[in-house]
Amino acid sequence: MLFLVLGRGKTGSLVADVAKERGHSVQVVGEEANQSGSAITAAFLAKFDAVIDFTTPEAVVPNMRACLATGAHMVVGTTGWHDHLKDLRALAERRNAGLVYGSNFSIGVQALYKVAHELAQAAPGFKFSIAETHHADKKDSPSGTALNLKLALESANPHLNVPIESKREGDSPGVHVIDARTESDLIELRHESFSRRGFAEGAVRAAEWISSRQGVFEFRDVYEQFD
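Residues numbered from 1 in each chain as written. Predicted model: local features only at pLDDT ≥ 70, side-chain atom pairs only at ≥ 80, totals over all residues. Heavy atoms only, no water.

### What to know about helix α6 (residues 144-156)
In an α-helix, one turn spans 3.6 residues; hence positions three or four apart end up facing the same way. Which entries qualify depends on this criterion: For helices the rule is a DSSP run of H or I covering at least 4 residues; for strands it is a run of E covering at least 2, with both sets numbered from the N terminus onward. In a helix, the anticipated span is given by 1.5 Å times the number of residues less one. Type-normalised accessible area, obtained with a 1.4 Å probe on protein chains alone, sets the label of each residue: buried when under 20%, exposed when over 50%, and partly exposed for intermediate values. The contact criterion used throughout is that any non-hydrogen atoms of two residues lie within 4.5 Å.
Its 13 residues place the ends of α6 18 Å apart at the C-alpha level, agreeing with the 18 Å of an ideal helix rising 1.5 Å per residue. The complete set of buried residues in α6 reads G144, T145, A146, N148, L149, A152, L153 and A156. Summarising the contacts, the buried residues of α6 are in contact with α5 (107-122), β6 (127-134), β7 (164-168), β8 (175-181), β10 (215-218) and α8 (219-222).

What follows is the structure, encoded as structure tokens:
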């Protein structure tokens, strides 16, 4: 397959490397050459099997509009744009495009969502909180992963109102900690990414999967279907 990777950052570059390792051809376009999605035309996109976006919250919405309007198949790992989800979903469906999006493409984080949901059901009376740490260059705060963890907890137990503490420091790919406590005891769930490779592998596998499909899918709902 031939993939277009939007974004020359650390994760985007690793996505390109992983895609090549899996036998695909890759073209990478950085934000400097694609202001407001200007490089994304129907003629340019026609040769690609899928587009993978790891850019910034400011760049991703124009990129998505340009890609989905052509009926392209797209994977979006960038976060901070979900206020536009309703409109972009409608665009994708109208143009028969394919889209997989998610706040985190790590399989380990998907497992954490499920365990968090179960813990909130199994621990009535506990007070929950979330702490997350990411690298200093991450733009959105709280992280999309932290917001989805909050949703997983609160949907399992509507009585919860889970606060999130966010830190931006160093070069951390991501640490998420769920704290559940009473006056008597503490339960802690922790996920730490040692590198961005888990995100990159998940994104490439999502691109392989969406390349032959139409519709809008959240990564956590489809990752178990990947080969």
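### Quick notes on the packing of helix α3 (residues 57-68) against helix α4 (residues 85-94)
Rule in force here: To get an axis, a line is fitted to the C-alpha atoms, and for a helix only the part in contact is used. The angle between two axes follows their N-to-C directions and goes from 0 to 180 degrees. We call two directions roughly parallel when the angle between them is under 35 degrees, roughly antiparallel when it is over 145, roughly perpendicular when it lies between 65 and 115, and oblique otherwise. Helix crossings fall into two classes, left-handed where the near helix is turned counterclockwise from the far one by less than a right angle and right-handed where it is turned clockwise.
Close contact between α3 and α4 brings their axes to 9 Å; oriented N to C, the two are set at 15 degrees. When the axes of α3 and α4 are compared, the pair comes out roughly parallel. Remark: the crossing between α3 and α4 carries left-handed chirality. Here α3 contributes M64, R65 and L68 to the contact with α4, which in turn contributes L88, L91 and A92.

### Quick word on the pattern of salt bridges
Spelled out, the test is: For this document, the term salt bridge refers to a Lys or Arg side-chain nitrogen within 4 Å of an Asp or Glu carboxyl oxygen.
Within this structure, the stated rule accounts for 13 salt bridges. Here E224 and K114 are joined by a salt bridge, their closest N and O atoms 3.1 Å apart. Taken together, the residues span a long stretch of sequence, with E224 in the segment after α8 and K114 in helix α5 at a distance of 110 residues. Between D140 and K138 there is a salt bridge; the shortest N-O distance is 3.1 Å. Neither residue differs from the other here; D140 and K138 are each classed as buried.

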